[in-house]
Amino acid sequence: MTVDDTTQVTQATQVTQVTHVIEGFREVYGRAPDGVWAAPGRVNLIGEHTDYNDGFVLPFALPHTTLAAVAHREDGLLRLHSGSPDVPGAVVEVRLAELAPGREAGRTDGWADYPAGVMWALREAGHPVGGADLHFASTVPHGAGLSSSAALEVATALALNEVHGLDIPPRELAVLCRHAENAYVGAPTGIMDQMASACCTAGHALFLDTRDFSQRQVPFDLAAHGLRLLVVDTRVTHAHSSGEYGQRRAGCEAGAASLGVTALRDVPYAELPSALDRLDDAEIRRLVRHVVTENERVKRTIALLADTSSVRAIGPILTESHASLRDDFRVSCAELDLVVDTALAAGALGARMTGGGFGGSAIVLADESAVRPLTAALDKAFTTAGLPAPRVFPALPSRGAHRMA
Ligand code: ADP
Ligand code: MG
């Protein structure tokens, strides 16, 4: 597949998607939407499990998006419908005035929590947002570590923002979406996913400081360098992932407290050996070492990307990140390790798990010419291991959330 083919396929797919979501809206609500908004999923190039340690992340937006077709209402009702085959097809209806987190009356349930939570967060922050009908269609795989949840939230937020003329800037929308996911849905995620979906730009990765949300677009034009980033969705999610996530978070907080810092981001890389000496607990030492070295790897990656002749050299840093997540942070799993080991043996420049871990997706940096043999090698390795074939697709850094129609 050439560079141009990739672009054309994506654009053609998006046009079809928009027509489809408008038709879907008409079928469900019997009227035309006011507009269609898109928000992408993301992969994180590097900076894993750093976003709840006030650290650095470097995600980019996928060409895969969630579309929201939306029309405003004047009667204080919120109605939600998704065309995704893996969620119930009924319209979820709730009165705005009754929206509340927890188990109170007016609470939504399941997938509808994400968009309802966004509406709740907007209102809780004092924004004069009224009722709406929303219908969603998505090409972001669910539960694959590619952040379909943030795509759903950000598409909702952007749509409500424009339909109700709220004029909230994208960064603030991302913060409200994270609040929805934390406080309404009840998932204790960091800010990376929502910020990536809301703020990324095509051809760039987003360097985000998760302490103060300052950010910079870092040119990451893979295509211009004959490179591809393969996303490899293992299609597995290990059931214990959310409990393990909470434990890692708690361990990082305990490490920061023992070291007398606000967050592990405050431990300078040069002081890592002395910090480790001050920690008695071997488990906490490993967590601290991962977070501090990972923040340093983000900085090294950015330094390499600043010089167009050294883009390929980020490969080994990605692989180092994987080793740290596997051995120190211990959030990898057999399937993710299989992707990384197979890809490296088949000529990848670097590879690592991306997202929370315990399943989900890995990324593989490779020359464009290596994409086919790599995909074949991954298929073969998974078949030999008795696992279902992974879903593999090349991803060029794409546009963040925007209006489509
Ligand atoms: P990830 O964000 O990695 O895809 P999550 O578990 O955080 O995984 O979010 C996945 C959940 O988000 C789905 O199970 C579903 O409830 C909801 N979701 C995401 N996209 C959609 C969509 N287009 N329609 C309905 N629900 C969706
Ligand atoms: Mg998610």
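Residues numbered from 1 in each chain as written. Chains lettered and ligands numbered in written order. Predicted model: local features only at pLDDT ≥ 70, side-chain atom pairs only at ≥ 80, totals over all residues. Heavy atoms only, no water.

(A) Seen up close, the pattern of salt bridges. Inspection of the entire model under this criterion finds 19 salt bridges. In this structure, the salt-bridge partner of E162 is R403, at a minimum N-O distance of 3.7 Å. Separated by 241 residues along the polypeptide, E162 in helix α3 (residues 148-163) and R403 in strand β13 (residues 402-403) bring together distant segments of the chain. Residue E162 is classed as partly exposed on the basis of its relative accessible area of 37%. The closest approach of N and O atoms between R326 and D327, which form a salt bridge, is 2.8 Å. Linked through salt bridges whose partners overlap, the residues forming this network are R31, R73, D75, R79 and D133. (Salt bridge = Lys/Arg side-chain N within 4 Å of Asp/Glu carboxyl O. Helix = DSSP H or I, 4+ residues; strand = E, 2+ residues; numbered from the N terminus. Buried < 20%, exposed > 50% of the residue type's maximum accessible area, 1.4 Å probe, protein only.)

(B) Representation of the packing of helix α8 (residues 282-305) against helix α9 (residues 315-327) in the model. Where α8 contacts α9, the two axes come as close as 10 Å, and the packing angle between them is 170°. As far as their axial angle goes, α9 and α8 are roughly antiparallel. Residues R286, H290, T293, E294, R297, R300, T301 and L304 of α8 lie in contact with α9, whose contacting residues are I317, E320, S321, S324, L325 and D327. Residue composition of the contact of α8 with α9, by class: 3 nonpolar, 5 polar and 6 charged. (Axes fitted to C-alpha atoms, helices over the stretch in contact; angles between N-to-C directions. Parallel < 35°, antiparallel > 145°, perpendicular 65-115°, else oblique. Contact = heavy atoms within 4.5 Å. Nonpolar A, V, L, I, M, F, W, Y, C, P; charged D, E, K, R; others polar.)

(C) Structural view of the site of ligand 1. The local shell around ligand 1 holds 16 residues, among which S82, H142, G143, S148 and S149 are the closest. Note that a nitrogen atom of ligand 1 is positioned 2.7 Å from one of the side-chain N or O atoms of S82. S84 places a polar side-chain atom, nitrogen or oxygen, 3.4 Å from a nitrogen atom of ligand 1. Isolated, ligand 1 exposes 560 Å² of accessible area, and the fraction of that covered by the protein chains is 79%. (Near = heavy atom within 4 Å. Polar contact = N/O pair within 3.5 Å; in protein donor to acceptor, adjacent residues only side chain to side chain. Areas by Shrake-Rupley, 256 points an atom, 1.4 Å probe, with all protein chains shown as cover.)

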